[in-house]
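Observations on the three-dimensional arrangement
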Amino acid sequence: MSPFDYERATDAGAAVARVSAQPHAAFLGGGTNLVDHMRLGVARPELLVDVTRLPFSKIEPLPDGGVRVGAGVRNSDLAADRTIRSRYPVLSQALLAGASGQLRNLATTGGNLLQRTRCAYFQDVTVPCNKRKPGSGCSAIEGCNRDHAVLGASEQCIAVHPSDMAVALVALDAVVIVLGRQGERRIPIGDLHRLPGDSPERDTVLEHGELITAVELPPLPVAAHSAYYKVRDRASYAFALVSVAAALQVTNGRVQEVRIAFGGLAHKPWRAARAEASLRGAAATEESYRRAAEAELADAKPLKHNAFKVPMARNTLQMLLRQLAAGGR
Ligand SMILES: Cc1cc2nc3c(=O)[nH]c(=O)nc-3n(C[C@H](O)[C@H](O)[C@H](O)COP(=O)(O)OP(=O)(O)OC[C@H]3O[C@@H](n4cnc5c(N)ncnc54)[C@H](O)[C@@H]3O)c2cc1C
Ligand code: SF4
């Protein structure tokens, strides 16, 4: 690991100023992703500004009926929160599907959103990777690409986004609150993460030095009827091959409201807008669920080793919608 300086932030503005002024500085949350990357040589920050003592560790009601989650709230605390479990079960379930109890005790809301891809070539500094070293090439395109993207990939990068929590937040239309040198801005979470395009080194639209301070959940009645389902190689401690976050409200046999996002399919959590449009007002039947899944996956471009993801995503979505319509999960 390269040597680095460490500072503990006591003021958010000062932390932003400190990191913004230093091109090789980074914020430190729970460290469960960043420190691993420092050990592997994937990240070599010269200064770490620890933001875990900033006053961002509360889960609070908002005047409009929504909920504000501080960026420092640990994943375990968010998953266990009574309001989250009853009003946004998809979020609690997504958090509990990620990592392990020990990791969730450390991992923060802000850090979870900004964790980097688990592409094995990204984590191996001996091989080319456009995300780690722009212009060096993508080892996954001709390599083992079983875990990689089937939607929205580019010729530069086919990696997938790893966070389970972010998939749930995208389905819930959360808003990310960010503090930068120019002040605060609000980013709809669907716009936070990027597709790789020609600059896969950029995972998000954040500028260097911008600090996530909170995530706001809107008041969303349909979210009370929501669930997360993750398909993975092992029952725990494994990233998603495919995951689905969904919320569904059925009235008189018809879909009144629906929210869907996929994980494991793309460089960002994938909001399934086509599937939602196909379902709104439709009969809540197996045929409607299948049609919706097929509409969303029509543009999928499977790679040599991951064609299984397309039927897996379709079947998982159908199964979850069926269970939600029956009042299950
Ligand atoms: C073995 C293992 C298994 C895992 N399995 C899963 C899984 O199945 N699903 C899943 O979703 N995750 C999984 N994880 C990942 C884990 O959830 C993340 O490592 C964790 O959420 C990152 O949060 P952190 O606070 O530790 O972030 P850190 O490691 O501290 O930081 C991550 C990034 O965010 C930046 N950052 C941190 N806080 C802020 C902030 N407030 N504002 C701006 N930038 C910030 C840091 O500079 C860094 O770039 C796993 C991790 C491990 C090690
Ligand atoms: S898929 Fe992306 S992260 Fe993986 S090797 Fe290719 S460029 Fe790097």
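Residues numbered from 1 in each chain as written. Chains lettered and ligands numbered in written order. Predicted model: local features only at pLDDT ≥ 70, side-chain atom pairs only at ≥ 80, totals over all residues. Heavy atoms only, no water.

Thoughts on the site of ligand 1
Around ligand 1, 31 residues are found, and the nearest of them are Phe27, Gly31, Thr32, Thr108 and Asp164. Here phenylalanine 27 contributes a backbone N or O atom positioned 2.5 Å from an oxygen atom of ligand 1. A distance of 2.6 Å separates an oxygen atom of ligand 1 from a polar side-chain atom of threonine 108. Ranked by the residues each element gives to the shell around ligand 1, the list is headed by helix α7 (residues 109–113), at three residues. Taken domain by domain, the makeup of the shell around ligand 1 includes at least three residues from each of domain 1 (5–50) and domain 2 (222–325). (Near = heavy atom within 4 Å. Polar contact = N/O pair within 3.5 Å; in protein donor to acceptor, adjacent residues only side chain to side chain. Helix = DSSP H or I, 4+ residues; strand = E, 2+ residues; numbered from the N terminus. Domains from an automatic or database assignment.)

Observations regarding the environment of threonine 108
On the secondary structure map, threonine 108 appears in the loop between α6 (101–106) and α7. Since its relative accessible area comes to 6%, threonine 108 is described here as buried. The residues touching threonine 108, leaving out its near neighbours within four places in the chain, are Gly29, Gly30, Thr52, Ala71, Gly72, Val73, Arg74 and Asn75. Among the polar contacts listed, one links the side chain of threonine 108 to the backbone nitrogen of glycine 111, at a separation of 3.0 Å. (Buried < 20%, exposed > 50% of the residue type's maximum accessible area, 1.4 Å probe, protein only. Contact = heavy atoms within 4.5 Å.)

Describing the side chain of arginine 194
Within the secondary structure layout, arginine 194 lies in the loop between β7 (183–188) and β8 (211–217). Separated by 2.9 Å, the side chain of arginine 194 and the backbone oxygen of arginine 202 make a polar contact. Residues within four places of arginine 194 in sequence aside, it is in contact with Ser199, Arg202, Asp203, Thr204, Val205, His267 and Lys268.

Structural notes on the site of ligand 2
Around ligand 2 sit 14 residues, and of these Cys119, Cys129, Cys138, Cys157 and Ile158 come closest. Broken down by class, the residue content of the shell around ligand 2 amounts to nine nonpolar, four polar and one charged. (Nonpolar A, V, L, I, M, F, W, Y, C, P; charged D, E, K, R; others polar.)

Some points on the packing of helix α5 (residues 89–96) against helix α8 (residues 164–171)
At a minimum axis separation of 7 Å, α5 and α8 run at an interaxial angle of 165°. Of the possible angle classes, the one that applies to α5 and α8 is roughly antiparallel. Both α5 and α8 take part in a crossing whose hand is right-handed. On the side of α5, the interface is formed by Val90, Leu91, Ala94 and Leu95, while α8 contributes Asp164, Met165, Ala168 and Leu169. For the contact of α5 with α8, the per-class residue count stands at seven nonpolar, no polar and one charged. (Axes fitted to C-alpha atoms, helices over the stretch in contact; angles between N-to-C directions. Parallel < 35°, antiparallel > 145°, perpendicular 65-115°, else oblique. Left-handed = near helix turned anticlockwise from the far one by under 90°.)

Brief notes about the pattern of salt bridges
By the definition in use, this model includes 21 salt bridges. A salt bridge links arginine 290 to glutamate 287, with the nearest nitrogen and oxygen atoms 2.6 Å apart. On the criterion of helical spacing, the pair formed by arginine 290 and glutamate 287 is a turn pair, its members being three residues apart in helix α10 (residues 286–297). Overall, the relative accessible area of 28% leaves arginine 290 in the partly exposed class. Residue classification places glutamate 287 among the partly exposed residues on the basis of a relative accessible area of 37%. Here the salt bridges share partners, and the residues they tie into one network are Asp173, Glu257, Arg259, Arg271, Glu276 and Arg280. (Salt bridge = Lys/Arg side-chain N within 4 Å of Asp/Glu carboxyl O.)

Digging into helix α1 (residues 12–20)
Count 3.6 residues to each turn of an α-helix, and residues three or four apart come out pointing the same way. Ala12, Ala15, Val16, Val19 and Ser20 are the residues of α1 that are buried. Angular distribution of buried residues about the axis of α1 spans 125°; they occupy a single face of the element. Those residues of α1 that are buried are in contact with β2 (25–28), β3 (47–50), β6 (175–180) and β8. The N-cap residue of α1 is aspartate 11: its side-chain oxygen and the backbone nitrogen of glycine 13 are 3.2 Å apart. (Arc of directions from axis to C-beta.)

Here we look at the sheet that holds β7
Pairing in this open sheet of five strands is antiparallel, and the strands run β4-β5-β8-β6-β7 from one edge to the other. Single-partner strands in this sheet number two, and they are β4 (59–61) and β7. Neighbour-to-neighbour, the strand axes of the sheet open up by a mean angle of 25°, direction not taken into account. Summarising the sheet, strand β5 (residues 67–70) and β8 pair through four bridges and their orientation is antiparallel. Paired with valine 69 across the two strands is valine 215, which belongs to β8. (Pairing = 2+ DSSP bridges.)

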